[in-house]
Amino acid sequence: DTGVSQDPRHKITKRGQNVTFRCDPISEHNRLYWYRQTLGQGPEFLTYFQNEAQLEKSRLLSDRFSAERPKGSFSTLEIQRTEQGDSAMYLCASSSPISSYEQYFGPGTRLTVT
Amino acid sequence: AQSVTQLGSHVSVSEGALVLLRCNYSSSVPPYLFWYVQYPNQGLQLLLKYTSAATLVKGINGFEAEFKKSETSFHLTKPSAHMSDAAEYFCAGGSNYKLTFGKGTLLTVNP
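It should be emphasised that the depicted structure is a prediction, and the values quoted were computed from it without experimental measurement. (Residues numbered from 1 in each chain as written. Chains lettered and ligands numbered in written order. Predicted model: local features only at pLDDT ≥ 70, side-chain atom pairs only at ≥ 80, totals over all residues. Heavy atoms only, no water.)

*Asks:* Would you explain the overall build of chain A in this entry?
*Replies:* Per the secondary structure count, chain A includes 0 helices and 11 strands. Going from N to C terminus, chain A has its helices and strands arranged as β-β-β-β-β-β-β-β-β-β-β. Along the first, second and third principal axes, the C-alpha set of chain A runs to 40 × 25 × 25 Å. Among the 114 residues that make up chain A, the fraction classed as buried is 50%. Put simply, 53% of the contacts in chain A that link residues at least 6 apart link residues at least 24 apart. When the accessible area of chain A is evaluated, it comes to approximately 5,800 Å², of which 44% is carbon and sulfur surface. Mean positive and mean negative side-chain charge positions of chain A (14 and 13 charges, respectively) differ by 7 Å. (Helix = DSSP H or I, 4+ residues; strand = E, 2+ residues; numbered from the N terminus. Buried < 20%, exposed > 50% of the residue type's maximum accessible area, 1.4 Å probe, protein only. Contact = heavy atoms within 4.5 Å. Areas by Shrake-Rupley, 256 points an atom, 1.4 Å probe, with all protein chains shown as cover. Lys, Arg positive; Asp, Glu negative; His and termini not counted. Charge placed at Lys NZ, Arg CZ, Asp CG, Glu CD.)

Right under this line is the structure:
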């Protein structure tokens, strides 16, 4: 079973450094979503792609954040000039064309900014 | 705008007891509603979903939820708790592409 995978699972970085996370969705899922989850909170929507097109970005996604999905397959989320407030779990999800409302989540990347 | 409220950040039950986790939603249109479970340091696993078909929805691991439009509720239940049910549970409401999550309810199961 090839579910949603994310890499790395954990990332520790110093404030001011850039980080990049990768998400591989379930094959044939055309939609891919990024969420952020801070301690004690539910996940919050960041952005989503339909194929290679980024169709919506949350106001949570400051200009230090950028996401791409070249060729409509895997996606990357980059954070530039990280701040301590960026420390969170970054979750990726995907959904199929048939059941676009049903999102399947990866294990997440836990980012710690020191 | 869609919002989801989970009543009770922490619920503690004894093994074998009824589990009831509460969720209320607000929306001007019939929503899609979901319950997810999250184990420590893991992603979210879909337990069950409501998509305007049957109001009583059965999910995995013996969980079920009932959609009550008059009460704008979608509470999650399980007749008999098992130790392996200990986890955090999230209720979520969604439009076609975006899920709005509640803050979660941590379920502990006592032996």
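Moving on, there is more to tell.
*Asks:* Please clarify how the packing of aromatic side chains should be interpreted in this entry.
*Replies:* Summed over the entire model, instances satisfying the criterion amount to 15 aromatic pairs over all chains. A ring pair is formed by F34 of chain B and Y36 of chain B, whose centres lie 6.3 Å apart and whose planes are at 40°; its orientation type is tilted. Ring centres of Y36 of chain B and F101 of chain B lie 5.8 Å apart, and the angle between their planes is 50°; on these two criteria the pair is classed as tilted. One end of the pair, Y36 of chain B, is in strand 4 (residues 32-38); the other, F101 of chain B, is in strand 10 (residues 99-101), with 65 residues separating them in the sequence. Neither Y36 of chain B nor F101 of chain B differs from the other in exposure class; each is buried. The aromatic ring of F74 of chain A is capped on one face by R22 of chain A, whose charged end is 3.9 Å from the ring centroid. (Phe/Tyr/Trp six-rings, centres within 6.5 Å; stacked < 30°, edge-to-face > 60°. Lys NZ or Arg CZ within 6 Å of the ring centre and 35° of its normal.)

*Asks:* How should the interface of chain A and chain B be read in this particular structure?
*Replies:* How big an interface is tends to be reported as the loss of accessible area on association of its parts. Between chain A and chain B, the residue contacts involve 22 residues of the former and 20 residues of the latter. Taken together, both faces of the contact between chain A and chain B bury some 1,800 Å²; the carbon and sulfur share is 53%. Its largest share of buried area at the contact with chain B, chain A owes to P43, Y101 and F105 of chain A, together 30% of the area lost on that side. Taken together, chain A and chain B are joined by 2 salt bridges. Viewed at the interface, chain B and chain A are joined by 5 residue pairs in polar contact (both at pLDDT 80 or more). Those elements giving two or more residues to the side of chain A that touches chain B turn out to be strand 4 (31-37), strand 5 (44-50) and strand 10 (104-105) of chain A. Here the residues of the side of chain A that touches chain B are counted per class, giving 10 nonpolar, 7 polar and 5 charged. (Buried area = accessible area lost by both parts, 1.4 Å probe. Salt bridge = Lys/Arg side-chain N within 4 Å of Asp/Glu carboxyl O. Polar contact = N/O pair within 3.5 Å; in protein donor to acceptor, adjacent residues only side chain to side chain. Nonpolar A, V, L, I, M, F, W, Y, C, P; charged D, E, K, R; others polar.)

*Asks:* In this structure, what is going on with the sheet that holds strand 1 (residues 3-7) of chain B? I would like to understand it.
*Replies:* Residues and elements named next belong to chain B. With antiparallel pairing, 5 strands are arranged side by side in an open sheet as 1-3-8-7-6. Because the sheet does not close on itself, it has two edges, and the strands there are strand 1 and strand 6 (56-58). Averaged over neighbouring strand pairs, the angle between their axes works out to 20° when direction is ignored. The pairing of strand 7 (residues 64-68) with strand 8 (residues 73-78) spans 5 bridges and is classified as antiparallel. Residue A65 lies in a different strand from strand 8, and its bridge partner there is L76. (Pairing = 2+ DSSP bridges. Axes fitted to C-alpha atoms, helices over the stretch in contact; angles between N-to-C directions.)

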